Amino acid sequence: MKWIVRGVIALLLLAVVLVGAVWLIPTERIARLATDRIEAATGRALTIEGSVSATLWPRLGVRAEGITLANADWSVAGPMLVAEAFEIGMSPGILLGGDVRIDSLTVDGARLVLERRANGSGNWIFDTGPDDTAPDDEGTAGPGTGSDASMTDLAVDDAVLMDSEIVWIDHATDRRIELRDVNLQTAFAGIDAPVELSGSAALGEHPVRLDARLEASASLLDGAPAAVTVSLDTEAMALDFDGRLGIDPVSLEGVATVASSDGFAPLEALGVAPPALPPGLGAAQVDVAASVTLTPQGTLHLRDIAAAFDGNRITGDLDLDPTGERPRLVGALAADALTFPRPDGSGGAGNNAGGGREGWSADPIDVSGLFALDAELTVDTGAIAYGDVGIDALTAALTLENGRAVLRLDPLRAYGGAVTGRVVVNGRGGLSSRAVLDVTGLELQSLLTDLAGQDRLSATGAASIDLLGSGESLRALMAGLEGEVSLRLGPGTFAGLDIAGMVRTRDLGYRGEGQQTVFEALSASFDVAQGVARGDDLTIEAPYLTATGAGAIDLGRRSLDYQLIPTLRPDGDGDGLTVPLLIDGPWDDPRVRPDLEYVARQQLDVDGVQDRAEDRVREKLAEELEVAPERLDSREAIEDAIRERVGDRLRGLLGDR
């Protein structure tokens, strides 16, 4: 029983000692020590407007309320730090009269303002007086009041920022960023010791998690880069960096990885518009890794890029210089294969930018992106699929300068053929575009099947294209096209169209056994003006059939007005049988009919020739018969005149005898 009594007495004595210990804590001394150290380290005034009290639990220390740390003298954003509470934890040795050693530091309900001037200097760069290392009169280094001396003595085993707010103000870009619900924890063993930082915050509507490690603060504060690792994560985005970081001015060098499955939505809370990434280029998922260098001059250099955009893997190198009138991007990109779904989710056949029978789109084309930056890029890829449409390989160079883009194809390989040349898109003074292209060896049946769902034409084709258009919409561009186009097709067939059978039977609905027209060659050329292509030299060569054609193709209105004159020669030569055809109407549903006017005109021409021939024969015959031509107005009259003339000759001969 006596041991129980002794235990209770011991606990009571311990409680009395602990309560008394609180009164032994030199709160004013500790608060003054903390204030002096922070002011020495920052060169800024620290004021405590609230109460200062001792704490026993959860740690021995001092709690101060109403804390304010002054900002740089050039700032107009108010104090650099305002905190509801500021708690300092100490080692128990202070109760025995030992030195004050800060074990922990907790800041609660704070508002921290980080501010950068237009010249790049920040309010975190502290002016702490003359150089510590300046020699005194004795030739030795003086103690000074600079940052090295002050920061060297500053050490905290556990520092916590709770339920706080961090505000970033950048006067160079007129940007303001706010982090809410900030909770950070770190330890600072000294200016030459590593610093680890972990915590969380809310960036707009996005929760953010941060883990970072800085190898040493001394070199960073002295303006030299320091080794750093950073891991930043949101619910759908991750950023990791391992390298070296400088802060005055900002620079970095290392390896970075970025991943996003929400189109980089958190960037909006940073005052940066998230990129509008299309399907196939990151709309669903982006993963990028690269060696990164950000120079003190502000230029960005990416090497050994390994990127995946919605599964499309791209490699290369890029250099970005944002210091000119416009940012300038230079680089080279490569890919083994790329796949892009159509925006409407369809494969491609039967769909086009013109919207079917409604015609070309009249929506204005926004060319502002052409002025966002200048660029020189080369692209080298393998197969590219866009819905059902695909190419085999692409080697191209893109030059973009002050709103004028030039894409050089060298070459584009697709459908068994190749396309070389250039396409120019110019946004200066309104939109204009020019295409100068040479096409060789294209397999037209596969191409037309993928593009328009039409498989009737089977042939290998070539073309020369030189077209210029201007206008604020696709409809205006097509309606204003100017230039020249020529086409050349090799041996092939028109499925479902038996021209020879139509000519032979004079039946436009004729469907022969093969239901096709076989040809050996087809060629045509067109002059294009105001969106209308006109030509008169279409020729088709086929077994037992030749055809010529002339007319107009209205590219703006998507219509045809064309005359085809096929001639069937069963024996391979001779005049043959000709039935001219008219092809007119919308080009997605043209009307084919016989050209009756042409037939009538030709018949009139034949009749006229016959009449003129008969007149000449009649005149010659009247001269021989020595009669007036008017008498020879019928077959009977001619026969009578001949008999009379023959009788006169016979009588003359008999009379002479």
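Since the model is a prediction, treat every value here as computed from it, not as a measurement. (Residues numbered from 1 in each chain as written. Predicted model: local features only at pLDDT ≥ 70, side-chain atom pairs only at ≥ 80, totals over all residues. Heavy atoms only, no water.)

Where like charges cluster on the molecular surface, the negative patch consists of E484, D527, D536 and D537. Mapped onto the secondary structure, D536 falls in strand β27 (residues 532-542). Judged by its relative accessible area of 63%, D536 is exposed. (Patch = residues over 30% accessible without salt bridge, like charges linked within 9 Å, V, L, I, M, F, W, Y side chains within 5 Å. Areas by Shrake-Rupley, 256 points an atom, 1.4 Å probe, with all protein chains shown as cover. Salt bridge = Lys/Arg side-chain N within 4 Å of Asp/Glu carboxyl O. Lys, Arg positive; Asp, Glu negative; His and termini not counted. Charge placed at Lys NZ, Arg CZ, Asp CG, Glu CD. Helix = DSSP H or I, 4+ residues; strand = E, 2+ residues; numbered from the N terminus. Buried < 20%, exposed > 50% of the residue type's maximum accessible area, 1.4 Å probe, protein only.)

What follows is about the side chain of S251. Residue position: S251 is located in strand β12 (residues 250-260). Of the residues examined, S251 reaches a relative accessible area of 11% and is grouped as buried. Setting aside anything within four residues of it in sequence, one finds S251 in contact with R244, L245, G246, L294, T295 and P296. (Contact = heavy atoms within 4.5 Å.)

Moving on, we come to the environment of F241. Note on placement: F241 falls in strand β11 (residues 237-247). Put simply, F241 and T257 are 16 residues apart on the chain and 6.6 Å apart in space, counted from C-alpha to C-alpha. Look past the residues within four positions of F241 in its chain and what remains in contact with it is V228, T229, V230, L252, E253, G254, V255 and A256.

Here we take up the packing of aromatic side chains. The final tally for this structure, using the stated rule, is one aromatic pair. With 5.7 Å between their ring centres and 25° between their planes, W124 and W168 make a pair best called stacked. Pair noted here: W124 is in the loop between β5 (102-116) and α3 (147-153) and W168 is in strand β6 (residues 156-170), with a separation of 44 residues, a long-range link. The exposure class assigned to W168 is partly exposed, which follows from its relative accessible area of 24%. (Phe/Tyr/Trp six-rings, centres within 6.5 Å; stacked < 30°, edge-to-face > 60°.)

Where strand β26 (residues 521-529) meets β27, six bridges bridge the pair, whose relative direction is antiparallel. Note that in β27 the partner of L522 across the bridge is I540. Linking two consecutive strands that pair antiparallel, namely β26 and β27, is a turn of two residues; a positive phi of about 50° is found at Q530 within it. Where β27 folds back onto strand β28 (residues 545-554) in an antiparallel hairpin, the turn is made up of two residues, including Y544, whose phi is positive at roughly 65°. (Pairing = 2+ DSSP bridges.)

With that settled, the discussion passes to the pattern of salt bridges. Pairs can form between side chains of opposite charge whenever their charged atoms are close. Following the criterion strictly, the structure yields 15 salt bridges and no others. A salt bridge links E178 to R176; the nearest nitrogen and oxygen atoms lie 3.1 Å apart. Where D319 meets R303, a salt bridge forms, and the shortest distance between an N and an O atom there is 2.9 Å. In this pair, D319 is assigned in strand β15 (residues 312-321) and R303 in strand β14 (residues 300-309), connecting sequence segments 16 residues apart. Taking the relative accessible area as the measure of exposure, D319 reaches 21% and is therefore partly exposed.

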